[in-house]
Amino acid sequence: LYNIGVLYFKAGRTPEALEVLEKSVRIYPLDLKARYQLGVVYQDLGRLEDAIKEYEGAGTSTADIEEVRKAREKGEVLKQYVAAKKGAERIEILLESGDIEGALKEVTALLSEREEDEEAHLMLGRIYMKKGDMEKAVNSLKMAIKLKSDYWDAYIMLGQVNETSKKYGNAADLYRAAASGAAG
């Protein structure tokens, strides 16, 4: 069944691959290759939690095969992605509801785990901007740009901070940089 599932997946017949691989794993849950491939199919379908479960199932093995190594790697990357996405969504919800302090607590926790997350620095700049702390907003937005030099949203927000601080020349320069960079 595993081989049939792989062939279906490679042929772009994902629903059939899913059906066959799920059946394969039900029949023989210790088939590490089938569990890994089922994780790949789940990931392709955007079913990330299911993919993580299968990657973890295959990755806990002590077998020295490529699928086990790949399952461990993909499982870790997906867990980090899901955590970041959930964290960013929570922060956005808190900001939209007006809970600035809650959002600040969430983004600080996110940055303690991944200090080089440019999106988290952008959110932190946005939070500080809402709090009226323009100096901290500038520092956070500059960090976002340092981490990703073509982060045009950070340039625009930094321009807005400068505009709010009546530094119109700096704001114009940042807007121009964003416009020319995004267009180029």
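To keep things clear, this report deals only with the structure shown in the data block. Remember, predicted model here, so these are calculated numbers, not experimental data.

The rules behind the values
Residues numbered from 1 in each chain as written. Predicted model: local features only at pLDDT ≥ 70, side-chain atom pairs only at ≥ 80, totals over all residues. Heavy atoms only, no water. Helix = DSSP H or I, 4+ residues; strand = E, 2+ residues; numbered from the N terminus. Contact = heavy atoms within 4.5 Å. Salt bridge = Lys/Arg side-chain N within 4 Å of Asp/Glu carboxyl O. Buried < 20%, exposed > 50% of the residue type's maximum accessible area, 1.4 Å probe, protein only. Axes fitted to C-alpha atoms, helices over the stretch in contact; angles between N-to-C directions. Parallel < 35°, antiparallel > 145°, perpendicular 65-115°, else oblique. Left-handed = near helix turned anticlockwise from the far one by under 90°. Nonpolar A, V, L, I, M, F, W, Y, C, P; charged D, E, K, R; others polar. Patch = residues over 30% accessible without salt bridge, like charges linked within 9 Å, V, L, I, M, F, W, Y side chains within 5 Å. Areas by Shrake-Rupley, 256 points an atom, 1.4 Å probe, with all protein chains shown as cover. Core = buried A, V, L, I, M, F, W, Y, C linked by side-chain atoms within 4.5 Å.

Turning our eyes to something else, we now look at the side chain of asparagine 162. Along the chain, asparagine 162 turns up in helix H9 (residues 152–164). Leaving out residues up to four positions away in the same chain, asparagine 162 has contacts with Lys167, Tyr168, Asn170, Ala171 and Leu174.

Let's shift gears to the side chain of glutamine 37. For glutamine 37, the position within the fold is in helix H3 (residues 32–44). For glutamine 37, the contacting residues outside a window of four places in its chain are Tyr2, Val6, Phe9 and Leu21.

Right, let's talk about the pattern of salt bridges for a bit. For the structure on display, the rule yields 12 salt bridges. In this structure, arginine 13 engages glutamate 16 in a salt bridge whose closest nitrogen and oxygen atoms are separated by 3.4 Å. Judged by its relative accessible area of 39%, arginine 13 falls in the partly exposed class. A salt bridge links lysine 136 to aspartate 133; the nearest nitrogen and oxygen atoms lie 4.0 Å apart. One continuous salt-bridge network, built from bridges that share partners, spans Glu56, Glu76 and Lys79.

This part takes up the packing of helix H7 (residues 118–131) against H9. For the pair H7 and H9, the least separation of the axes is 10 Å and the interaxial angle reads 20°. Judged on the interaxial angle alone, H9 and H7 are roughly parallel. H9 is crossed by H7, and the crossing has left-handed handedness. Where H7 abuts H9, its residues Leu122, Gly125, Arg126 and Met129 lie against Asp153, Ala154, Met157, Gln160, Val161 and Thr164. Taken together, the residues that form the contact of H7 with H9 break down as five nonpolar, three polar and two charged.

On the surface, Leu1, Ile4, Ile27, Tyr28 and Leu30 cluster together into a nonpolar patch covering about 540 Å² of accessible area. If you trace the backbone, leucine 1 turns up in the segment before helix H1 (2–10).

The backbone phi angle of lysine 166 is positive, close to 60°, even though this residue is not glycine. For lysine 166, the position within the fold is in the loop between H9 and helix H10 (168–183). When its relative accessible area of 61% is taken as the criterion, lysine 166 is described as exposed.

Attention now goes to the nonpolar core. Ranked by size, the top nonpolar core spans 30 residues in total, and within it Ile91, Val107 and Ile127 carry the most contacts. Secondary structure elements with two or more residues in this core: helix H5 (66–97), helix H6 (100–113), H7, helix H8 (134–147), H9 and H10. What isoleucine 127 contacts, discounting residues up to four positions off in sequence, is Leu95, Ile100, Ala103, Leu104 and Val107. Core analysis: the second largest hydrophobic core is formed by 20 residues, Ala17, Leu21, Val25 and Ile52 among them.

Our next topic: the environment of alanine 144. Mapped onto the secondary structure, alanine 144 falls in helix H8. For alanine 144, a relative accessible area of 0% corresponds to the buried category. Between the alpha carbons of alanine 144 and leucine 48 there is a distance of 27 Å; along the sequence they are 96 residues apart. Here alanine 144 is in contact with Glu118, His121, Leu122, Tyr151 and Ala154, once residues within four sequence places are set aside.

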